[in-house]
Amino acid sequence: MSTIESINHSLTDNELECIEKSLNRKPNNVELSMIDAQWSEHCSYKSSKSLLKLLPTKGKRVLFGPGYEAGVLDVDNGQVLTMHIESHNHPSAIDPYGGAATGVGGVLRDILSIGTRPIAVLDSLRFGNLSNPNNRWLLQNVVRGIADYGNCVGIPTIGGELSFDSCFDTNCLVDVVSIGVGKKKQLIFSEAKNVGDIFVLLGNSTGRDGIHGSSFASKDLEDIPTDRSAVQIPDPFIKKLIIEGTMDALNTGLVSGLKDLGGGGLACCLSEVSDMGNTGVEVNLEKIHLRESGMEPYEILISESQERMLFIINPDNLDTISKCFDKYNLQYSIIGKVTDTKHVIIINNGDMIVDLPTELIANAPLINWPKTKPKYLDSKSVSKPELPVDIKETLLKVLSSPNLADKSWIFQQYDHEVGTNTIVKPGESGASVIRIAPEKFIAISVDGNPSHCYLDPYNGSAGVVAEAMRNVISVGAEPIAMLDHLQFGNPSNSDVFWTFNETIKSISDFCSYIGIPCVGGKVSFYNEDAKTHEAIKPSPVISVAGLIKGEHNLRTRKLHPSRPLIVMVGETFDELGGSEYYSSIGHSQAGIVPQLNFELEKRAQKLVRDSIKVGLFGAVNDCSKGGLIHSLLQMCTISDMGASIDLSSIPSNCKRWDELLFSESHSRFITTIKKENFTNLLNISRNYDIPVSIIGSIGGHDLQVYNKDDKLLSYDLDYIRSYVYDSLSKFMDGRI
Amino acid sequence: MTTVSEFKIDLLISPKPELRNPEGDTILQDLLLRNNFDYVTSVSVSKVIQLIVKADDLDDAKNKATIICDELRLYNPLVSSCTIRGTE
Amino acid sequence: MNVAIIQFPGTNCDMDTYRVFNDYLGVDATLFWHENTDNLEKYDAIILPGGFSYGDRLRAGIIAAYSPVIKQLKKLSLKGKPIIGICNGFQILVESSLLPGALLTNSNLKFICKWVNLKVEHNNLFTNSFQSDSVIRMPIAHNEGRYYVSDDKLQELERNNQIILRYSDSDGNTSIDNNPNGSISNIAAVSNANGNVLGMMPHPERASDSLLSPYSTDDGIEIFRSMMLSLEVMIKE
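The rules behind the values
Residues numbered from 1 in each chain as written. Chains lettered and ligands numbered in written order. Predicted model: local features only at pLDDT ≥ 70, side-chain atom pairs only at ≥ 80, totals over all residues. Heavy atoms only, no water. Helix = DSSP H or I, 4+ residues; strand = E, 2+ residues; numbered from the N terminus. Buried < 20%, exposed > 50% of the residue type's maximum accessible area, 1.4 Å probe, protein only. Contact = heavy atoms within 4.5 Å. Lys, Arg positive; Asp, Glu negative; His and termini not counted. Charge placed at Lys NZ, Arg CZ, Asp CG, Glu CD. Buried area = accessible area lost by both parts, 1.4 Å probe. Polar contact = N/O pair within 3.5 Å; in protein donor to acceptor, adjacent residues only side chain to side chain. Nonpolar A, V, L, I, M, F, W, Y, C, P; charged D, E, K, R; others polar. Axes fitted to C-alpha atoms, helices over the stretch in contact; angles between N-to-C directions. Parallel < 35°, antiparallel > 145°, perpendicular 65-115°, else oblique. Salt bridge = Lys/Arg side-chain N within 4 Å of Asp/Glu carboxyl O. Left-handed = near helix turned anticlockwise from the far one by under 90°. 1 Å grid on protein atoms, 1.4 Å probe; cavity = no way out; pocket = protein on both sides within 12 Å on 5 of 7 lines; lining within 4 Å. Points joined across faces, edges and corners; volume = space filled by probe spheres on them. Patch = residues over 30% accessible without salt bridge, like charges linked within 9 Å, V, L, I, M, F, W, Y side chains within 5 Å. Areas by Shrake-Rupley, 256 points an atom, 1.4 Å probe, with all protein chains shown as cover. Core = buried A, V, L, I, M, F, W, Y, C linked by side-chain atoms within 4.5 Å. pLDDT = per-residue confidence, 0-100. Pairing = 2+ DSSP bridges. Expected span 1.5 Å × (residues − 1). Disulfide = S-S within 2.5 Å.

Caption draft 1: Here's a closer look at the overall build of chain A. In terms of helices and strands, chain A carries 26 helices and 26 strands. Over its C-alpha atoms, taken along the principal directions, chain A stretches across nearly 90 × 55 × 45 Å. Looking at chain A residue by residue over its 736 residues, the buried ones come to 68%. Taking as baseline every contact in chain A between residues at least 6 positions apart, the subset at least 24 positions apart corresponds to 84%. Averaging the locations of the 69 positively and 90 negatively charged side chains of chain A gives two centres separated by 6 Å.

Caption draft 2: Up close: unusual backbone geometry. In this model, H533 of chain A sits at a positive phi of 60°, which is unusual for a non-glycine residue. Structurally, H533 of chain A can be placed in the loop between strand 18 (518–524) and strand 19 (539–549). H533 of chain A gets classed as partly exposed once you look at its relative accessible area, which sits at 40%. We note that D133 of chain C has phi near 65°; this positive angle belongs to a residue other than glycine.

Caption draft 3: Fine view of the interface of chain A and chain B. Counting residues at the interface gives 20 residues for chain A, matched by 13 residues for chain B. Here chain A packs against chain B, burying approximately 1,400 Å² in sum over the two surfaces, 52% of which is carbon and sulfur. If you look at where chain A meets chain B, you find 4 residue pairs in polar contact (both at pLDDT 80 or more). Across the side of chain A that touches chain B, the residue classes tally to 7 nonpolar, 7 polar and 6 charged.

Caption draft 4: Inspection of the packing of helix 22 (residues 627–639) of chain A against helix 25 (residues 717–724) of chain A at higher detail. Residues and elements named next belong to chain A. The contact between helix 22 and helix 25 brings their axes to 10 Å, and the two run at 100°. The angle between helix 22 and helix 25 places the two elements in the roughly perpendicular class. From helix 22, L633, C636 and T637 reach across to helix 25, where they touch L717, I720 and R721. Grouping the amino acids of the contact of helix 22 with helix 25 by side-chain chemistry returns 4 nonpolar, 1 polar and 1 charged.

Caption draft 5: Looking closely at the interface of chain C and chain A. Taken together, the contacts link 29 residues of chain C with 33 residues of chain A. Between chain C and chain A, a total of about 2,400 Å² is buried, with carbon and sulfur atoms accounting for 56% of that surface. The largest per-residue losses of area from chain C upon contact with chain A belong to C113, L211 and L212 of chain C, which jointly make up 24% of the total buried on that side. If you look at where chain C meets chain A, you find 4 salt bridges. Of the charged contacts in the structure, one is a salt bridge between D733 of chain A and K110 of chain C, with a shortest N-O distance of 3.9 Å. Applying the counting criterion to the chain C and chain A interface returns 11 residue pairs in polar contact (both at pLDDT 80 or more). Among the secondary structure elements, those contributing two or more residues to the side of chain C that touches chain A are helix 1 (14–24), strand 6 (112–120) and strand 7 (135–142) of chain C. Here the element with the most residues in the side of chain C that touches chain A is strand 6 of chain C; it accounts for 4 residues. Residue composition of the side of chain C that touches chain A, by class: 15 nonpolar, 5 polar and 9 charged.

Caption draft 6: Representation of the packing of helix 18 (residues 457–473) of chain A against helix 19 (residues 494–514) of chain A. Residues and elements named next belong to chain A. Contact pair helix 18 / helix 19: the axes reach a minimum separation of 8 Å and the direction vectors enclose 40°. Judged by the angle between their axes, helix 18 and helix 19 are oblique. Of the two possible hands of crossing, helix 18 and helix 19 adopt the one that is right-handed. Between helix 18 and helix 19, the residues in contact are P457, Y458, S461, A462, V465, A466 and M469 and W498, T499, E502, T503, K505, S506, I507, D509, F510, C511 and I514, respectively.

Caption draft 7: Fine view of empty space enclosed by the protein. All names here are of chain C. One pass over the full model with this rule turns up 5 cavities of 30 Å³ or more. Reported here for the largest cavity is a volume of approximately 120 Å³. Along the wall of the largest cavity there are 18 residues; nearest its centre are G51, F52, C87, F111 and A141. Split by residue class, the lining of the largest cavity holds 6 nonpolar, 8 polar and 4 charged.

Caption draft 8: The arrangement of a negative patch on the surface in detail. Residue and element names in this part refer to chain B. Negative charge collects at one region of the surface, where D56, D57, D59 and E88 lie side by side. Summarising the element assignment, E88 is placed in the segment after strand 3 (80–87). Here E88 falls in the exposed class, since its relative accessible area comes to 70%.

Caption draft 9: Seen up close, the environment of L118 of chain C. Residues and elements named next belong to chain C. Tracing the backbone shows L118 in strand 6. Spatially, the C-alpha atom of L118 lies 9.4 Å from that of I187, the residues being 69 residues apart in sequence. Setting aside residues up to four positions removed in sequence, L118 forms contacts with S134, V135, I136, M138, L165, R166, Y167, S168, A188 and P202.

Caption draft 10: Spatial organisation of the nonpolar core. In this structure, L139, F311 and L728 of chain A together with F21, L40 and M227 of chain C are the most contacted members of the largest nonpolar core, which totals 138 residues. A total of 10 residues in this core trace back to one element, the largest contributor, which is helix 7 (residues 133–153) of chain A. Not counting chain neighbours up to four residues away, the residues in contact with M227 of chain C comprise V3, F21, A45, I47, P82, I84, L125 and F126 of chain C.

Caption draft 11: Highlighting the confidence of the model for chain B. All names here are of chain B. Chain-level pLDDT for chain B is 89 on average; 97% of the residues reach the 70-or-more range. Confidence, expressed as mean pLDDT per element, reaches its minimum in chain B at strand 3 with 90 and its maximum at strand 2 (residues 47–55) with 94. Note on the complex model: pTM 0.95, ipTM 0.97.

Caption draft 12: Layout of the pattern of salt bridges. According to the stated counting rule, one finds 54 salt bridges over all chains in the structure shown. Two residues, R721 of chain A and D718 of chain A, come together in a salt bridge whose shortest N-O distance is 3.1 Å. Of the two residues, R721 of chain A and D718 of chain A are both situated in helix 25; the distance of 3 residues between them amounts to about one turn of the helix. Since its relative accessible area comes to 31%, R721 of chain A is described here as partly exposed. A salt bridge links E35 of chain C to R34 of chain B, with the nearest nitrogen and oxygen atoms 3.2 Å apart.

Caption draft 13: Up close: the sheet that holds strand 19 of chain A. All names here are of chain A. Reading across the sheet, the 6 strands line up as 14-15-16-19-17-18 and stay open at both edges, with mixed pairing between neighbours. Both outer strands of the open sheet, strand 14 (422–424) and strand 18, are each paired with one neighbouring strand and no more. Averaged over all neighbouring strand pairs, the angle between strand axes comes to 25°, with direction disregarded. Packing of helix 19 onto the sheet brings it into contact with strand 17 (478–487), strand 18 and strand 19, and relative to strand 17 it is tilted by some 175°.

Caption draft 14: Quick peek at the sheet that holds strand 3 (residues 79–87) of chain A. All names here are of chain A. Reading across the sheet, the 6 strands line up as 1-2-3-6-4-5 and stay open at both edges, with mixed pairing between neighbours. Every other strand in the sheet has two partners, leaving strand 1 (62–64) and strand 5 (157–164) as the edge strands with one partner each. Averaged over all pairs of adjacent strands, the angle between their axes in this sheet comes to 20°, without regard to strand direction. Judged from the 4 bridges that link them, strand 2 (residues 71–74) and strand 3 form a sheet pairing that is antiparallel. Within strand 3, the residue paired with V72 across the bridge is T82.

Caption draft 15: Quick peek at helix 19 of chain A. Residues and elements named next belong to chain A. An ideal rise of 1.5 Å per residue puts 30 Å on 21 residues; helix 19 measures up with 30 Å between its terminal C-alpha atoms. At the N-terminal boundary of helix 19, the capping side chain belongs to N493, with an oxygen 3.0 Å from the backbone nitrogen of D495. Immediately beyond the C-terminal end of helix 19, within one or two residues, lies G515, with a positive phi of roughly 80°.

Caption draft 16: Seen up close, the state of the cysteines. All told, the structure shown has 0 disulfides over all chains when counted by the stated rule. Lacking any disulfide linkage, C167 of chain A is separated from the closest cysteine sulfur, that of C453 of chain A, by 11 Å. C87 of chain C carries a free sulfur, and the closest cysteine sulfur to it, the one in C13 of chain C, is 6.8 Å from it.

Structural data, given as structure tokens:
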């Protein structure tokens, strides 16, 4: 029995009362630690669970959605695609290298624990402005952490996104997406379903690392422990061995259940497998392979030591399974068994120290926080800035934002080629593409837009889903599923909770309308400045997966002389609120955010998908941050080919050049086409009632912008590449 | 006699002993024990940054080195410790 | 015709390499676990693929270099068996003294993953498929790829035609501008004095499928094909 008098925990009086009532007694300290871990926001989703139910989760390819280790999609021929998203925001703020690396480790474990092999990783990162050296330190070490981990474990990091805003100064966001592939018949679940099965704990020894990690993620950074226990040490080498050992074990067909140990450690793992299996568990603590001697039982139970998996197997199969682990010299211990008690029972050297009904631990009471619409939303300005005098200077200013910069400083540190299946690589499009079988490919994107979401949570959030879908469509894919990661401030702040509610509503509304299911996600609260309690801007991050059949359907941003005409699909509106343009001219708190017209978006997406299928389009790129001019330049710089466009031919009611160039309206794409195919495209587009217009042509080595016959500007591509789009590497290499 | 001399200061950046050291563990298990050097019971890997510092005396040099460590974050105090050693 | 692809704990380019031999070249390839005590002599060639054997701990390739399978490789190398070490494989060959020199941390201190141009400096068993002085393309992906030898040794390598590939521009010119990692004399691949052991930092298995190449090239497979063709000739003789 633990001799500690008082345990640090975050349970409210209400929650403590609830526990006592259910048990008919006071819980002891060890039991309290277990419940504290499982009832933390990070593990229980108590503030968000009821709202998350609004998200649509069914789809024709969906086999398993939220509530499982990863989302599972049927991608034909007995093959499944799994996908999951994780974050390590709080750990990365204090130990960016270890926090980011273990974030990658965590998401890989989820993909592995449902029985599939992880095949790719993407990252979504947000930091404060790079002029602050602390943010450069964070970015540098987060990228190094993700690189060292992903590269060593041999899984390609194939894409991602990065943006900067002062609201992330003390709360960086580090999100990691992973996808995996496997066989439908080899899927395995985190359930202790057979009474008599035994638990084999595989991997790292359990130590004092990461204690209170999940409740740490559920607090403001001001309350971080001053001792080292919140830090988690990454070990990608052992992870690689665990992946191989696990895949070998799964291939025997003799594993009954599998779960990784993540937030809340063994405590959460045991209660969840017991809950999923509708059984009980009994574990002997002294059997667990430990790193340090003298650990208290509660420490063993809530430790978040990395790289541990729980196998549930029939005891007759132990010999066969353990051979899979012995090959790689992996440590493991047989720690307990599945019972029919529907309780979680922990025994330590013969003494029963925990006896809790599974139903109690696994079901934290939900919290319904109050909501109030933030006042700033009703009082924000819709004023427009004055038209700048100098178009050339304005263009350079906007494009020099690190948000729009070339990201090769980052992705060249990631091995994106290992596996020999990365077909569309970082920088070649807004989504990445990985081959999963001959002539079968998966497209995957990850996007976010806190500026839009701050000024208009409803349109901003749905807009992120639309952008992520457009990116996947632009590589020739049909979107099949999405993941959401909802990152907000403190839920007890009624403004924050109102915004959270709006975000879920909007994402649900749009996904239901357009027919894309949500197969998984995460919620991360408590992202606010420790001293001022100012919350981060609402930061939903969305990842969309798409399916491509046939090499001939693949597309990228790359221009080619055989398709010389540049076509604008969709209409540009005067809605620059939250745009990169307004941000770069100091007008960031004003304006109307791009409104997402659900119906228009659906038609535009279908038009582009169908046009790609009949071979009309060459290069395809979606228009979003930075406006159509940035979208066009992305295509030019990666192809090393110039282009010339005429603003007067852009489908739009906008009168000003800055609105035309920099508006971030939804439902737009830039594509290239052969001259003889344009009539065909025009006819198809009339069926969808989406405007298409030839706005220019490729050629030369300059970007030229005209308004009818007036040449407004001309820039050499090399200049743009070397002096404009290089702001990220300039900051990080210390040249600014 | 000048009052400013140069001192060699070594900053030994070590992983905190209570934290895991995967690199040390691999060297112990897969290199030393596997090749029968079984009289080694523990390995941990550290880094040395050597500075030549102009200062009044050794203590002054060490103080200067401490300031550099803290301000420029040469090590992350959450995961590593830094021992400062110096010679004339 | 058969090849052995050696696997260490942490090797992660083994399946990529296996696929090129087995699926694209139609050559019998065997994944050979480092603890396997079978005789490697029965294989026509041995490949040490890329990855992070032992997590690159202590130094990349050093722990694997002490593996019993490497003892076998040393004997086979003296008998003229063709051996290719790719990336981490190159690091293991250097740490085992099967190849001269050392592979140090990249001069920019970061991992680099990108496609590079390589000038074929010398046609040998592994590069006979290329025209002399041709420029080929492959990706690199490494943290410790900066090749170093002493000046004396460098002169010896030049004299003996042991420098096989150099980082270059698309026209075959070598300079500091197209040296991604600071390797001495832009060296990307070297052979032993006898010419049967090749160490290369670029990944030919990642450049064997034109769909994977930004240039739609597949130069990588020619490295393996050269070796197989040379072996066929040798076996006939």
